[in-house]
Amino acid sequence: MRRHILSVVSLFTVVLLLASCGAPKKGTSGSSSGTSTSASGPSASQWRSGVKGNWVLNTVTREDIPAAYTIKNIFDEAPVDCFVGSIWNLPGGNYRGSITFNADGTLCANGAVRTIVWSIYGGSAVDEPQFQFKKIYAGDKAANVTTGYRMNLSFADGETLVMKMPIPLDNGQQGSLVFNFTKVAK
């Protein structure tokens, strides 16, 4: 069962990685953000403004994922619990940010920092806008990194941020991990 779950998560990761290589498109979505305000939803630029800043990941909850379903790790990095309490630095400008881990545990690296390059993949009438990022290791150039991750943007109002990561399930259905952030006070 664990191998099957790992295979499903690996397949999902590959699909996300391949999908993240496209160029961002300006688009629309439903009115799921407090940052903006056109009748058809916020643009990628408006989402960027709402997302940039320093955020602490307070909780990761499950939506439509059975309690017995095991998720070993996320972002090819660590278990979900290792990300809780992490600080996501998402500055404007060059969109080069970081994730700083603050959790202790067997597989957690308290104090570790991952450099990322992030952007907003604009939605269309069919697609939701997505937060996308790729990890950049020492010596890497962002342009040469071809793998990355995407999460659906659900809400941003300058103080709270909610993103959802789709998780394919064994039964052909899909659930989500819901990432709940709050802005770090300056």
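Refer to the structure above for everything that follows.
Rules of the game
- Residues numbered from 1 in each chain as written.
- Predicted model: local features only at pLDDT ≥ 70, side-chain atom pairs only at ≥ 80, totals over all residues.
- Heavy atoms only, no water.
- Helix = DSSP H or I, 4+ residues; strand = E, 2+ residues; numbered from the N terminus.
- Contact = heavy atoms within 4.5 Å.
- Areas by Shrake-Rupley, 256 points an atom, 1.4 Å probe, with all protein chains shown as cover.
- Polar contact = N/O pair within 3.5 Å; in protein donor to acceptor, adjacent residues only side chain to side chain.
- Salt bridge = Lys/Arg side-chain N within 4 Å of Asp/Glu carboxyl O.
- Buried < 20%, exposed > 50% of the residue type's maximum accessible area, 1.4 Å probe, protein only.
- Disulfide = S-S within 2.5 Å.
- Pairing = 2+ DSSP bridges.
- Phe/Tyr/Trp six-rings, centres within 6.5 Å; stacked < 30°, edge-to-face > 60°.

Visitor: Looking at this structure, how should I read the overall build of the protein?
Guide: Helices and strands together make up the secondary structure of the protein, namely three helices and eight strands. In sequence order, the secondary structure elements of the protein are arranged as α-α-β-α-β-β-β-β-β-β-β. The contacts of the protein with a sequence gap of at least 6 include a subset with a gap of at least 24, amounting to 53%. Surface exposure of the protein reaches about 9500 Å², of which carbon and sulfur atoms provide 53%.

Visitor: Teacher, can you tell me more about the environment of aspartate 157 here?
Guide: One can find aspartate 157 in the loop between strand S6 (149-156) and strand S7 (160-168). Measuring from C-alpha to C-alpha, the distance between aspartate 157 and glycine 50 comes to 6.4 Å, with 107 residues separating the pair along the chain. Polar side-chain contacts of aspartate 157 include one of 2.9 Å to the backbone nitrogen of glutamate 159. One polar contact links the side chain of aspartate 157 to the main-chain amide nitrogen of threonine 160, over a distance of 2.8 Å.

Visitor: Would you mind going over the pattern of salt bridges with me for this structure?
Guide: Side-chain pairs of opposite charge can arise where the charged atoms are in close proximity. Counted under the stated rule, the structure contains three salt bridges. Notably, a salt bridge pairs glutamate 63 with lysine 164, separated by 3.1 Å at the nearest N-O pair. On the criterion of sequence distance, the pair formed by glutamate 63 in strand S1 (residues 53-63) and lysine 164 in strand S7 is long-range, its members being 101 residues apart. For lysine 164, a relative accessible area of 24% translates into the label partly exposed. The closest approach of N and O atoms between glutamate 77 and arginine 114, which form a salt bridge, is 2.7 Å. Note that glutamate 77 is positioned in the loop between S1 and helix H3 (80-83) and arginine 114 in strand S4 (residues 113-121), a separation of 37 residues in sequence. You can call glutamate 77 partly exposed: its relative accessible area is 23%.

Visitor: I would appreciate a short explanation of the state of the cysteines in the present structure.
Guide: Any covalent bond linking the sulfur atoms of two cysteines counts as a disulfide. One pass over the full model with this rule turns up one disulfide. Paired by a disulfide, cysteine 82 and cysteine 108 hold their sulfur atoms 2.0 Å apart. Where cysteine 82 bonds to cysteine 108 through sulfur, the torsion about that S-S bond is close to -85°, and the disulfide is left-handed. In this pair, cysteine 82 is assigned in helix H3 and cysteine 108 in the loop between strand S3 (96-100) and S4, connecting sequence segments 26 residues apart. Across this residue pair, the class does not change: cysteine 82 and cysteine 108 are buried.

Visitor: Would you mind going over the pairing of strand S5 (residues 130-136) with me for this structure?
Guide: Put simply, side chains in a regular strand alternate between the two faces of the sheet. In terms of residue burial, S5 counts as a mostly covered element, since six of its seven residues are buried. Note that S4 and S5 share seven bridges and pair antiparallel. Paired with threonine 115 across the two strands is isoleucine 136, which belongs to S5.

Visitor: Looking at this structure, I do not really get the pairing of S7. What am I missing?
Guide: Both S6 and S7 contribute to a ladder of four bridges, which runs antiparallel. Across the sheet, residue leucine 153 finds its bridge partner in S7, namely methionine 163. Across nine bridges, S7 lies against strand S8 (residues 174-183) in antiparallel orientation. From the neighbouring strand, methionine 165 faces S8, where its bridge partner is leucine 177. Between the end of S7 and the start of S8, which pair antiparallel, lie five residues, with glycine 172 showing a positive phi angle near 85°.

Visitor: Before we go on, may I ask you to explain the packing of aromatic side chains in this structure?
Guide: Given two aromatic rings, their pairing is described by the distance between the two centres and the angle made by the two planes. Taken as a whole and judged by the stated rule, the model has 13 aromatic pairs. With a centroid separation of 5.4 Å and 75° between ring planes, the pair formed by phenylalanine 75 and phenylalanine 83 is classed as edge-to-face. Phenylalanine 83 shares its class with phenylalanine 75; the two are buried. Each ring, one from phenylalanine 75 and one from tyrosine 149, has its centre 5.5 Å from the other, and the planes form 70°; the classification is edge-to-face.

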